[in-house]
Every structure is written in structure tokens, then in C-alpha cells.
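Take a look at the letters that make up each chain.
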Amino acid sequence: MSNNIKEKLKEYKLTFGMLSSVPCTEDETTYYNQLLDNGGSLPENIHCIKYNCYDNNGLVPQVVRKYFKYLDSGLNENEVAEYLTYKKLTLLRTIKNCLVFFVVLTSILLGASLITSVVMLSML
């Protein structure tokens, strides 16, 4: 599987609670910094975020790396399928409620315009 697809799958799992992200300790951060500096690669469950920090004068940028561990939720396939089914039901209920709102709003506006038209015609 392509790395891009794997990363996207990890993002989806993080979004929907199938994975959790835990910051690495200072010792782990030091170890992973040395590993990357020596040309190594990170383990599959470790994610690195790089960002620039500046000194007190704001002149000298430094690259800072933060490491996070991906932890599996521990759910089996049936539990994941059940969770996703309930998640879909929740989203469908939200869509239904929005649809009901707009139908009721449209009905009220149509009723108001009909009443206004009748009143205007009766004035003639």
C-alpha cells in the first residue's frame, strides 16, 4: 500500500477515534532525534511534526521536532463495524433534522407569502 494512502488511513483513524496520539517522553524524543540525525527511519507507530522556533531576538530559526505514538484502540473488527454503523446513524439523524428544519422553514415562508398575497388582493 502506498505511504500516502497509509498516512491518510491513519488520519481517518485518528479523526474517528480508532487510534489515539500520545506525545513521546523526553528520552524517546532524544532517541528519535538521534535516530533521524544518523539517517535512520522512525518506527511505524511514531509520527514526527517539525516546526520552526526562533531565539529570543526572533533571528535564528531552529527546527524543533515533536514525536507522537499512535496507539491502537484495541477494538476488534466487529466492534469497529458496530461503532461505524452507529456513527453513520448519528450523521444520518443530523441530516434528517436539518432537512426537517428547512422544510418547516420553507412551509412557513410559503404560508406567509400566501397570506400576504390574499391580504393584498383583498385590499384592491
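Our subject is the structure listed above.
We now turn to the structure provided with this report. Throughout this document, residue positions are counted from 1 along each chain, in the order its sequence is written. Where totals are concerned, whole chains, interfaces and linings use all residues; where local detail is concerned, this predicted model gives features only for residues with pLDDT of at least 70, and gives and counts side-chain atom pairs only at 80 or more. Side-chain figures throughout are based on the complete set of non-hydrogen atoms in the structure, without hydrogens or water.

1. Observations concerning the packing of aromatic side chains
- The aromatic pairing rule takes the rings of Phe, Tyr and Trp, using the six-membered ring of Trp, and pairs them if the centres are within 6.5 Å, calling planes under 30 degrees apart stacked, those over 60 edge-to-face and the rest tilted. Counted under the stated rule, the structure contains three aromatic pairs.
- Judged by centre distance (5.5 Å) and plane angle (50°), the ring pair of Tyr32 and Tyr67 falls under tilted. Of this pair, Tyr32 sits in helix 2 (residues 26-37) while Tyr67 is found in strand 3 (residues 61-72), placing the two residues 35 residues apart along the sequence.
- Here the aromatic residues Tyr31, Tyr32 and Tyr67 are joined through ring pairs into a cluster of three or more. Numbering of helices and strands starts at the N terminus; helices are DSSP runs of H or I of at least 4 residues and strands are runs of E of at least 2.

2. With respect to the environment of Glu77
- Checked against the element boundaries, Glu77 lands in helix 3 (residues 77-123).
- Each C-alpha atom, one on Glu77 and one on Leu9, is 16 Å from the other, the two residues being 68 residues apart in sequence.

3. Focus on helix 3
- An expected span of 1.5 Å times one less than the residue number is assigned to each helix. Given a rise of 1.5 Å per residue, 47 residues ought to cover 69 Å, and the 69 Å separating the end C-alpha atoms of helix 3 matches this to within 8%.
- Here a polar contact is taken to be a pair of N or O atoms separated by no more than 3.5 Å, where protein atoms must pair a possible hydrogen donor with a possible acceptor and residues adjacent in sequence count only if both atoms sit in side chains. Here helix 3 starts with a cap whose side-chain oxygen sits 3.1 Å from the backbone nitrogen of Asn78, and that cap is Asn76.

4. Structural notes on the state of the cysteines
- In plain terms, two cysteine sulfur atoms within 2.5 Å form what is called a disulfide here. One pass over the structure, following the stated rule, counts zero disulfides.
- With no disulfide of its own, Cys24 lies closest to Cys48 among cysteine sulfurs, the gap being 9.5 Å.

5. A word on the pattern of salt bridges
- Any carboxyl oxygen of Asp or Glu within 4 Å of a side-chain nitrogen of Lys or Arg constitutes a salt bridge here. As enumerated under the stated definition, the model contains three salt bridges in all.
- Glu28 is the partner of Lys69 in a salt bridge, and the nearest nitrogen-oxygen pair spans 2.7 Å. Residue Lys69 is found in strand 3, and its partner Glu28 is found in helix 2; the two are separated by 41 residues along the sequence.
- Here the term buried applies to any residue with accessible area under 20% of the maximum for its type, exposed to any over 50%, and partly exposed to those in between, with areas from a 1.4 Å probe on protein chains only. Given the relative accessible area of 24%, Lys69 is considered partly exposed.
- The residue Arg65 makes a salt bridge to Asp37 at a minimum N-O spacing of 3.3 Å. Placement of Arg65 in strand 3 and of Asp37 in helix 2 is noted, with a sequence separation of 28 residues between them.
- Owing to a relative accessible area of 21%, Arg65 belongs among the partly exposed residues under this scheme.

6. Some thoughts on the sheet that holds strand 3
- Taken together, three strands build an open sheet; the order of strands is 1-3-2 and the sheet is antiparallel. Two strands lie at the open edges of the sheet, namely strand 1 (19-23) and strand 2 (46-54), each paired on one side alone. For this sheet, the mean inter-axis angle between neighbouring strands, taken without regard to orientation, is 35°.
- Note: two strands are recorded as paired if DSSP finds a minimum of 2 bridges between them. Of the strand pairs in this sheet, strand 2 and strand 3 are connected by nine bridges, and their pairing is antiparallel. Bridging from a neighbouring strand, Ile46 pairs with Lys69 of strand 3.
- Contacts from helix 1 (residues 3-15) reach strand 1, strand 2 and strand 3, with the element oriented near 95° to strand 1. Between N-to-C directions, angles cover 0 to 180 degrees, with each direction set by a line fitted to C-alpha atoms, over the stretch in contact for helices. Contacts are residue-level and defined by heavy atoms, with any inter-residue pair within 4.5 Å sufficient.

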